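Survey of secondary and tertiary structure
For reference, the chains in residue letters:
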Amino acid sequence: MRISVFGLGYVGCVSAACLCESGHEVWGIDVDESKVKFLLDGKSPIVETELPELIAKHRAAGRLNATTSIDKAVKATDMALVCVGTPSLPSGALNTEYARRVCEQIGAALKNLNRDFTVVIRSTLLPGTTRRELLPRLEQFSGKAEGAGFHIAYNPEFLREGTAVADFFAPPKTVVGAERETTAKRVSDLYAGLPGAFHLTRIEEAELVKYADNVFHAIKVVFGNEVGAIAKSVGVDSHRVMDVFCTDTKLNLSPTI
Ligand SMILES: NC(=O)c1ccc[n+]([C@@H]2O[C@H](COP(=O)([O-])OP(=O)(O)OC[C@H]3O[C@@H](n4cnc5c(N)ncnc54)[C@H](O)[C@@H]3O)[C@@H](O)[C@H]2O)c1
């Protein structure tokens, strides 16, 4: 497939390089010219195991390209992965400014494109953001309706920094939120042959799955630290306690409540 990846941060760089390794042709796009130059020079803009080798290999093979031009990237591809940042605001709310802006730009590029195009949102967003804030901008700037000229899907990313490349090729699961099965199928083709269960959901469900995952991981850290503090205060080996605790996959690490 021919894919454009918007945002060459952690998620975008890993996705771009790993999709090349899976045999796809990728264009990386960023507003930051230095990140684009890194990719064009066959170098990684981020520090991550295995990533420099993958970027160098696929840049040399001509499978990986980069540009600051949204128009050029959209014209050269059939699917866009939106991986721009969604940092927290001082109020705690999510800053969706970059995601909104990039959808306006992709929408404008879609205006004169006379073929099907799929926009896949990968940035972490609160449930309802894709439908309420991003889809209307794609429709407004392209002058087209979703399903008639372009398609939208939400596909959360579950990578861990440090083991991101390994996680890409062995995901715990793949989740695609889409309105139509044909759209979900197109997105799932990106990950053909990779292990882990595939889940087709509504867009809002996929958005919330990502938050449920993040929050649960935070709970695990807090829980482990609390057990550690108690263990220390009574002179018990906390690692031994947690090792035993984690072997119980019937009541502890399980769907049982
Ligand atoms: N880093 C992680 O471990 C991780 C894991 C899962 C999900 N996520 C989510 O994925 C998203 C991206 O995270 P990240 O860590 O890669 O972010 P990041 O801040 O490292 O990178 C975002 C990139 O987007 C670029 N950008 C901003 N506006 C743009 C535009 N209009 N066009 C093109 N590029 C633009 C920025 O210049 C930057 O390089 C966030 O929503 C984050 O919450 C991150």
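Up top is the structure.
For the structure given in this document, a descriptive report is provided here. On a predicted model such as this, the values are computed, not experimentally measured, just so you know. (Residues numbered from 1 in each chain as written. Predicted model: local features only at pLDDT ≥ 70, side-chain atom pairs only at ≥ 80, totals over all residues. Heavy atoms only, no water.)

Moving on, we come to the pairing of strand β8 (residues 173–178). Summarising burial for β8: 6 of the 6 residues are buried, a large majority. A two-sided burial pattern is seen for β8, the buried positions comprising Lys173, Val175 and Gly177 on one face and Thr174, Val176 and Ala178 on the other. Here 5 bridges tie β8 to strand β9 (residues 197–201), and the two strands are oriented parallel to one another. Paired with Val176 across the bridge in β9 is Leu200. Note that the unit made of β8, helix α8 (residues 181–188) and β9 has a crossover that is right-handed. (Buried < 20%, exposed > 50% of the residue type's maximum accessible area, 1.4 Å probe, protein only. Helix = DSSP H or I, 4+ residues; strand = E, 2+ residues; numbered from the N terminus. Pairing = 2+ DSSP bridges. Right-handed = clockwise from strand over helix to strand, strands pointing away.)

In this structure, the largest pocket spans a volume of roughly 590 Å³. Around the largest pocket, the lining is made up of 22 residues, and of these Val11, Glu157, Phe158, Leu159 and Lys210 lie nearest the centre. Of all the elements in the fold, those that place two or more residues in the lining of the largest pocket are α1 (10–21) and α9 (203–233). The leading source of residues in the lining of the largest pocket is α9, at 4 residues. Broken down by class, the residue content of the lining of the largest pocket amounts to 8 nonpolar, 6 polar and 8 charged. (1 Å grid on protein atoms, 1.4 Å probe; cavity = no way out; pocket = protein on both sides within 12 Å on 5 of 7 lines; lining within 4 Å. Points joined across faces, edges and corners; volume = space filled by probe spheres on them. Nonpolar A, V, L, I, M, F, W, Y, C, P; charged D, E, K, R; others polar.)

So, about the site of the ligand. Val11, Asp30, Lys35, Thr86 and Thr124 are the nearest of the 21 residues found near the ligand. One nitrogen or oxygen atom from the side chain of Thr86 is found 2.5 Å from an oxygen atom belonging to the ligand. Contact with the protein chains hides 78% of the accessible area of the ligand, taken as 840 Å² for the molecule alone. With respect to the pocket detection grid, the ligand is positioned in the largest pocket. Those elements that place two or more of their residues in the shell around the ligand are α1 and α5 (97–110). (Near = heavy atom within 4 Å. Polar contact = N/O pair within 3.5 Å; in protein donor to acceptor, adjacent residues only side chain to side chain. Areas by Shrake-Rupley, 256 points an atom, 1.4 Å probe, with all protein chains shown as cover. Sits in = over half its atoms within 2 Å of the grid points.)

In this structure, Val26, Leu51, Leu81, Val187 and Leu190 are the most contacted members of the largest nonpolar core, which totals 34 residues. Of the residues forming this core, the biggest block, 7 residues, is contributed by α1. Those residues in contact with Val26 that lie beyond four places of it in its chain are Ile3, Val5, Ala16, Leu19, Cys20, Arg63, Leu64 and Asn65. Grouped together as the second largest cluster of nonpolar side chains are 32 residues, Trp27, Ala73, Leu135 and Val175 included. (Core = buried A, V, L, I, M, F, W, Y, C linked by side-chain atoms within 4.5 Å. Contact = heavy atoms within 4.5 Å.)

Turning our eyes to something else, we now look at empty space enclosed by the protein. Tallied over the entire structure, the rule returns 1 cavity of 30 Å³ or more. By volume, the largest cavity amounts to about 130 Å³. Arg122, Glu157, Pro171, Lys173 and Tyr191 are, among the 15 residues lining the largest cavity, the residues nearest its centre. Of all the secondary-structure elements, those providing two or more residues to the lining of the largest cavity are α7 (164–169) and β8. No other element matches the 3 residues that β8 contributes to the lining of the largest cavity.

Time to look at the side chain of His24. With respect to the secondary-structure elements, His24 resides in the loop between α1 and β2 (25–29). Look at His24 and you get buried, because its relative accessible area is 8%. A polar contact of 3.1 Å, which involves the side chain of His24, links it to the backbone nitrogen of Met1. One polar contact links the side chain of His24 to the main-chain carbonyl oxygen of Leu190, over a distance of 3.2 Å. Apart from the residues within four sequence positions on either side, His24 is in contact with Met1, Ile3, Leu19, Arg63, Asp189 and Leu190.

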